[in-house]
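Read off the chains here:
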Amino acid sequence: MVWDAYNSVKANRGAPGVDEQSITEFEVDLKGNLYKLWNRLSSGSYFPAPVRAVAIPKKDGKGTRLLGVPTVIDRIAQTVAKMVLEPTVEPMFHPDSYGYRPGRSALDAVDTCRRRCWKTSWVIDLDIRAFFDTVDHDLVMKAVARHTDQRWILLYVQRWLQAPMRHADGSVAARDRGTPQGSAISPLLANLFMHYAFDAWMGRTFPTVAFERYCDDVVVHCTSQRQALFVKDSIARRLAECGLELHPDKTRIVYCKDSNRTGYHEREQFDFLGYTFRPRLSVSKTGQRFVSFSPAVSRGACKAMSTTIRAWRINRRSDRTLEEFAAMINPVVCGWVNYCVSRGHARWERRAVGSMT
């Protein structure tokens, strides 16, 4: 399992941790390093190093978000635990949970959201304030303990959650809550936490209210504005019970306006997973024009693509051959194309591509 976890970490690459050791440097004594990790994991003597704090700009351009980058050996250890825990909890997860799950993608969530916006007139666009920084450790451990009795998993998950964070200036900050973005096991722990804090609770409390959740990014569909207000307040109270808080300015109720829905509302669009949902002029199969509430690539996503393209400074790269340009650019552009123009979403993603141009 340690060997399989190493291969997975190597395929995902990633930045060095606080020890500044890269995958290449780790492989200098690969067998010795993996044996040492296996020995410590098996004996209970494994202790993770502090995670390296890396500040990245937020999508809205306001402020930064802290990522916690573990060392290579810690990422391998976390992947081992994930390989044991994930097959147990995955079948139990809610069908409308899409984030970081095998066989599911962000585009699946966007497509489901698109179809549900046609059926219901109102949406709650939920924003959880600093989710990864405020997750309650005790509740995470309670959720993990419900699905495994293997003491080594419980022991090491506890140690990973409590591992301190080392900042760029060398200072070390202790953590009593939160799970660092950037670790291999954080997405699984976040999904497990949100399953009990939100997914299962929604199924019990509002069984007829549909939603899509991609980790901490949630859209809830309601039939009326009155229902949306009631459900939003109920969700806020529920999340507060679990130590989380809805962002008061970024959590919004949106009217899904189209040709069949008259009237106006102060908010008639929202962003979800890099797409903006809003009223758009469309053409039916018979050639008739109508207004549809549909997604297209968001302005923030287009701005990020433009920033990346400008950073290439192609006009100053006269020393490079066409083949070198292709090697640099193609992987990035293919990623954009795969997300913005994937199969099965051709009609609404053609509009997305149009908005990019």
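Look up: the structure comes first, before these words.
Residues numbered from 1 in each chain as written. Predicted model: local features only at pLDDT ≥ 70, side-chain atom pairs only at ≥ 80, totals over all residues. Heavy atoms only, no water.

Enquirer: I tried to follow the sheet that holds strand 10 (residues 275-283) on my own but got confused; where do I start?
Expert: Note: strands within a sheet are paired through backbone hydrogen bonds, in either parallel or antiparallel orientation. Strand order in this open sheet of three strands is 9-10-11, and the pairing throughout is antiparallel. Looking at strand neighbours, the two that pair on one side only are strand 9 (270-272) and strand 11 (289-297), the edges of this open sheet. Averaged over all pairs of adjacent strands, the angle between their axes in this sheet comes to 50°, without regard to strand direction. (Pairing = 2+ DSSP bridges. Helix = DSSP H or I, 4+ residues; strand = E, 2+ residues; numbered from the N terminus. Axes fitted to C-alpha atoms, helices over the stretch in contact; angles between N-to-C directions.)

Enquirer: I keep staring at empty space enclosed by the protein and nothing clicks. Help me out?
Expert: To find leftover empty space, one rolls a probe the size of a water molecule over the atoms. Evaluation of the coordinates by the stated rule reveals one cavity of 30 Å³ or more. Lining the largest cavity are 15 residues, and of these Val-51, Gln-78, Trp-160, Pro-180 and Ser-183 lie nearest its centre. Those elements that place two or more of their residues in the lining of the largest cavity are helix 4 (72-89), helix 8 (151-162) and helix 9 (186-205). When grouped by side-chain class, the residues that make up the lining of the largest cavity number 10 nonpolar, four polar and one charged. (1 Å grid on protein atoms, 1.4 Å probe; cavity = no way out; pocket = protein on both sides within 12 Å on 5 of 7 lines; lining within 4 Å. Points joined across faces, edges and corners; volume = space filled by probe spheres on them. Nonpolar A, V, L, I, M, F, W, Y, C, P; charged D, E, K, R; others polar.)

Enquirer: For this particular structure, what's the right way to read the packing of aromatic side chains?
Expert: How two aromatic rings sit relative to each other is set out by the distance from centre to centre and by the angle between their planes. Per the stated rule, a full pass over the model turns up 18 aromatic pairs. Relative to Tyr-6, the ring of Trp-3 has its centre 5.3 Å away and its plane inclined at 45°; by these criteria the two rings are tilted. One end of the pair is Trp-3 and the other is Tyr-6, both in helix 1 (residues 2-12) and three residues apart, which spans about a single turn. Overall, Tyr-6 belongs to the buried group, its relative accessible area being 3%. (Phe/Tyr/Trp six-rings, centres within 6.5 Å; stacked < 30°, edge-to-face > 60°. Buried < 20%, exposed > 50% of the residue type's maximum accessible area, 1.4 Å probe, protein only.)

Enquirer: Would you take a moment to explain the nonpolar core for this structure?
Expert: Generally speaking, soluble globular proteins have nonpolar side chains that are buried together. With 63 residues, the main nonpolar core has Ile-76, Phe-131, Val-220 and Ile-235 as its most contacted residues. For this core, the element with the most residues is helix 9, which contributes 10 residues. Among residues more than four places away in sequence, those in contact with Ile-76 are Val-2, Ala-5, Tyr-6, Val-9, Phe-26, Leu-34 and Leu-37. Ranked by size, the runner-up nonpolar core spans 22 residues in total, among them Ala-106, Ala-109, Phe-272 and Cys-302. (Core = buried A, V, L, I, M, F, W, Y, C linked by side-chain atoms within 4.5 Å. Contact = heavy atoms within 4.5 Å.)

All we've got here are geometric facts, nothing functional implied.
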